[in-house]
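Coordinate inspection notes
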Amino acid sequence: MEALLLALLGGLLVGLLLTLFGGGGSVLATPWLIYVVGVADTHAAIATSAAAVAVNAATGLLAQAKAGRVKWPCASVFAVAGLLGSVLGARLAMTIDGDQLIRAFGAAMIAIALSMLIPRKNEGNPGVRLTPVMVWKLAPVGLVAGLAAGFFGIGGGFLIAPGLMAATGMTLANASASSLVSVTLFGSATSATYAVHGQLIWSLFAALVAGGALGTLAAMPILRRIEAHARILRLAFALLVIAVGLFIIFG
């Protein structure tokens, strides 16, 4: 029961951070399961957090699709190309020792945090349409993003949104919304790969998802209050992620 409550609390924290700061929040789910909840198997922690990330992304995708922000043709090409990468990444991670894998995860956390600090402009073409040339740009970037997402059990949004913008010229708002197609698919494929081998802890997954929903609800009234201090808070959050990553590597 204690583990479930801690997982619920972790899901609440991740849901809160994801809603307030966007991409990067879900990267805390795996360390939380290992160091706070007490999951001894790194692979099981990655599988469980990946499944929860997929559900959270799917929920966000429904809202973004309803608002008309998702560029489905571009997002679909990217996601399908990355699907193979996510399965390969997950299978590769399963062959690596847990201690080595969690240290690699710590390095990925630092990279994600640094990417959060890069200012992104919203200029772009809101009416972008998929072309044959774009397909050849989207597919390889999608494959790499899927590989990283599958290997580390993360959403991969820190790679997906910039990749979509670079390959298609779409706006940041459209890229952020469209990236959720890939995050949902990559997380589902990664967790399914582990689940087949019995490495997904379903009870903790349910607790993470429930906590994530509560965290999202809790964040909504806070969003307007922190809008004026968003940059400072985002910097603080990125530094927190870097600190956790360094602890994982050297702790």
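Our subject is the structure listed above.
Structure report, in brief. (Residues numbered from 1 in each chain as written. Predicted model: local features only at pLDDT ≥ 70, side-chain atom pairs only at ≥ 80, totals over all residues. Heavy atoms only, no water.)

1. Some words on the side chain of serine 191
Operational definition: Runs of E in the DSSP output that reach at least two residues are strands. Runs of H or I that reach at least four are helices, and both are numbered from the N terminus. Accessible area is worked out with a 1.4 Å probe on protein chains only. A residue is then buried under 20% of its type maximum, exposed over 50%, and partly exposed in between. It only takes one pair of heavy atoms within 4.5 Å for two residues to be counted as in contact.
Mapped onto the elements of the fold, serine 191 is located in helix α8 (residues 172-195). Classification of serine 191 by relative accessible area gives buried; the value is 8%. Contacts of serine 191, omitting those with residues within four sequence positions, involve Ala47, Ala50, Ala51 and Leu200.

2. Examining helix α3 (residues 42-66)
Count 3.6 residues to each turn of an α-helix, and residues three or four apart come out pointing the same way. Stated formally: Expected helix span is taken as 1.5 Å per residue step, with the number of steps being one fewer than the number of residues. Two N or O atoms count as a polar contact when they lie within 3.5 Å, although within protein this holds only if one can serve as hydrogen donor and the other as acceptor, and sequence-adjacent residues are included solely when both atoms are side-chain atoms.
Taking 1.5 Å per residue, 25 residues should reach 36 Å; α3 reaches 36 Å between its end C-alpha atoms and fits that length. At the N-terminal end of α3, a side-chain oxygen is found 2.9 Å from the backbone nitrogen of histidine 43, two or three residues along, and the residue is aspartate 41. Directly after α3, the chain includes glycine 68, whose backbone phi takes a positive value near 80°.

3. A closer look at the nonpolar core
Stated precisely, the cut-off is as follows: As used in this record, nonpolar core signifies buried Ala, Val, Leu, Ile, Met, Phe, Trp, Tyr and Cys residues forming a set joined through side-chain atoms within 4.5 Å.
Grouped together as the largest cluster of nonpolar side chains are 42 residues, with contacts concentrated most on Val27 and Leu28. For this core, the elements supplying multiple residues, two or more each, are α1 (2-21), α2 (29-37), α3, α4 (72-94), α5 (98-116), α6 (132-152), α9 (202-226) and α10 (230-250). The leading source of residues in this core is α5, at eight residues. Leave out the neighbours within four places in its chain, and valine 27 touches Phe105, Met109, Ile112, Ile154 and Val241. Judged by nonpolar contacts, the second largest core, of 25 residues, contains Met134, Ala149, Ala161 and Ala177.

4. A look at the environment of alanine 175
Inspection of the secondary structure puts alanine 175 in helix α8. The sequence separation of alanine 175 and alanine 206 amounts to 31 residues, and the corresponding C-alpha distance is 29 Å. With residues up to four places along the chain from it excluded, the contact list for alanine 175 reads Ala161, Leu164, Met165 and Met170.

5. Some details on the packing of aromatic side chains
Stated formally: Aromatic rings from Phe, Tyr and Trp, taking only the six-membered ring of Trp, are treated as a pair when their centres fall within 6.5 Å; an angle between ring planes under 30 degrees marks them as stacked, one over 60 as edge-to-face, and anything in between as tilted.
Tallying each qualifying case throughout the model produces four aromatic pairs. When the centroid spacing of 6.4 Å and the interplanar angle of 65° are considered together, the rings of phenylalanine 105 and phenylalanine 152 count as edge-to-face. With a gap of 47 residues between them, phenylalanine 105 in helix α5 and phenylalanine 152 in helix α6 connect regions that are remote in the sequence. Ring centres of phenylalanine 151 and phenylalanine 152 lie 4.8 Å apart, and the angle between their planes is 85°; this geometry places the pair in the edge-to-face category. Pair check on accessibility: phenylalanine 151 and phenylalanine 152 agree, each one buried.

6. Considering the packing of α2 against α5
Put simply, the test is: Angular values range over 0 to 180 degrees, each being the angle between N-to-C directions of two axes fitted as lines to C-alpha atoms, with helices fitted over their stretch in contact. We call two directions roughly parallel when the angle between them is under 35 degrees, roughly antiparallel when it is over 145, roughly perpendicular when it lies between 65 and 115, and oblique otherwise. Left-handed is the label given to a crossing in which the near helix is rotated counterclockwise from the far helix by less than a right angle, and right-handed is the label when the rotation is clockwise. Each residue is assigned to one of three groups, with Ala, Val, Leu, Ile, Met, Phe, Trp, Tyr, Cys and Pro labelled nonpolar, Asp, Glu, Lys and Arg labelled charged, and all others, Gly among them, labelled polar.
Contact pair α2 / α5: the axes reach a minimum separation of 11 Å and the direction vectors enclose 135°. Between α2 and α5, the interaxial angle falls into the category oblique. Note that α2 runs across α5; the crossing there is left-handed. From α2, Thr30, Pro31, Ile34 and Tyr35 reach across to α5, where they touch Ile102, Phe105 and Met109. For the contact of α2 with α5, the per-class residue count stands at six nonpolar, one polar and no charged.

Keep in mind these values describe shape, not function.
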